[in-house]
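# Structural overview for review
Below, each chain spelled out in residue letters.
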Amino acid sequence: MMRELFGYFSVDHEMFSVWTYPVSYIEFFGTVFGIAAVWLAAKSKILTWPVGLVNIALFFLIYYQVQLYSDMFLQVYFAAVALYGWFFWKDDQKKKKSVRKLSTSERLRLAGWIALCTAAGSYVISHLHLWFPDLFPVEAAFPFWDTLVAVASIFANTLLARRVIENWPIWIAVDLLCIVLYVSKGIYFVAFEFLIFTILAAYGWRQWEKESRDAIKMSV
């Protein structure tokens, strides 16, 4: 029974197919919960965080199975930030705080940290199969681009948890890069999810900008 249950978490366990592409159970439900979480974030709904935790757990398993190790490790961070964001948003709602924007200097520092962390992280990820062959028997796929996705996602998710508007343009760039990576790895349903994420991120950017403008008008 347990073996059969865990079998559902394999990317090879087909739920249905779209044309000739087999969609696994884990890919389908991970996608559904991921889309729901981003939609809720765009609407500034605190439910985004518990829904996102389900998506995080499922995608951790997916990324391990397709050797996108940076993305796999990223899910551990996402889980911690989801818990933080859950409580931070709850506190903001009590205090009726609005979203905010970064200053020019803060944006420049953010770009510098993303570049530095990507350079260091991609070196580590590209050597995991050499340092820990038992845990990572297959060499990491696209270590630089995968690490860039992971690093930019870390900063974007932190900004999201802090209700900073600049999280959305970063997410748009990350989502577009993910589409290319996941198509290259053959997980097309996940790539389709990130196409939807791109659209939702653009919507979220617009909504949060509107919320910011409305808050400024009310304070005048």
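Our subject is the structure listed above.
Structure report, in brief. Here the structure is a predicted model, which is why all the values come from computation and not from measurement. (Residues numbered from 1 in each chain as written. Predicted model: local features only at pLDDT ≥ 70, side-chain atom pairs only at ≥ 80, totals over all residues. Heavy atoms only, no water.)

This part is about the packing of helix H7 (residues 143–161) against helix H8 (residues 167–184). For the pair H7 and H8, interaxial distance at closest approach is 9 Å and the crossing angle is 150 degrees. In this view, H7 runs roughly antiparallel relative to H8, as classed from their interaxial angle. In the packing of H7 onto H8, the handedness of the crossing is left-handed. Taken together, the residues of H8 that come into contact with H7 (itself represented by Trp 145, Asp 146, Leu 148, Val 149, Ala 152, Ser 153, Ala 156, Asn 157, Leu 159 and Leu 160) are Asn 167, Trp 168, Ile 170, Trp 171, Val 174, Leu 177, Cys 178 and Leu 181. A per-class count over the contact of H7 with H8 returns 14 nonpolar, three polar and one charged. (Axes fitted to C-alpha atoms, helices over the stretch in contact; angles between N-to-C directions. Helix = DSSP H or I, 4+ residues; strand = E, 2+ residues; numbered from the N terminus. Parallel < 35°, antiparallel > 145°, perpendicular 65-115°, else oblique. Left-handed = near helix turned anticlockwise from the far one by under 90°. Contact = heavy atoms within 4.5 Å. Nonpolar A, V, L, I, M, F, W, Y, C, P; charged D, E, K, R; others polar.)

One pass over the full model with this rule turns up four salt bridges. For Glu 106, the salt bridge is made with Arg 100, and the minimal N-O distance between the two is 4.0 Å. Its relative accessible area of 27% is what places Glu 106 among the partly exposed residues. Judged by its relative accessible area of 41%, Arg 100 is partly exposed. Across the pair Glu 166 and Arg 107 runs a salt bridge whose closest N-O atoms are separated by 2.7 Å. Placement of the pair is Glu 166 in the loop between H7 and H8 and Arg 107 in helix H5 (residues 104–126), with a sequence separation of 59 residues. (Salt bridge = Lys/Arg side-chain N within 4 Å of Asp/Glu carboxyl O. Buried < 20%, exposed > 50% of the residue type's maximum accessible area, 1.4 Å probe, protein only.)

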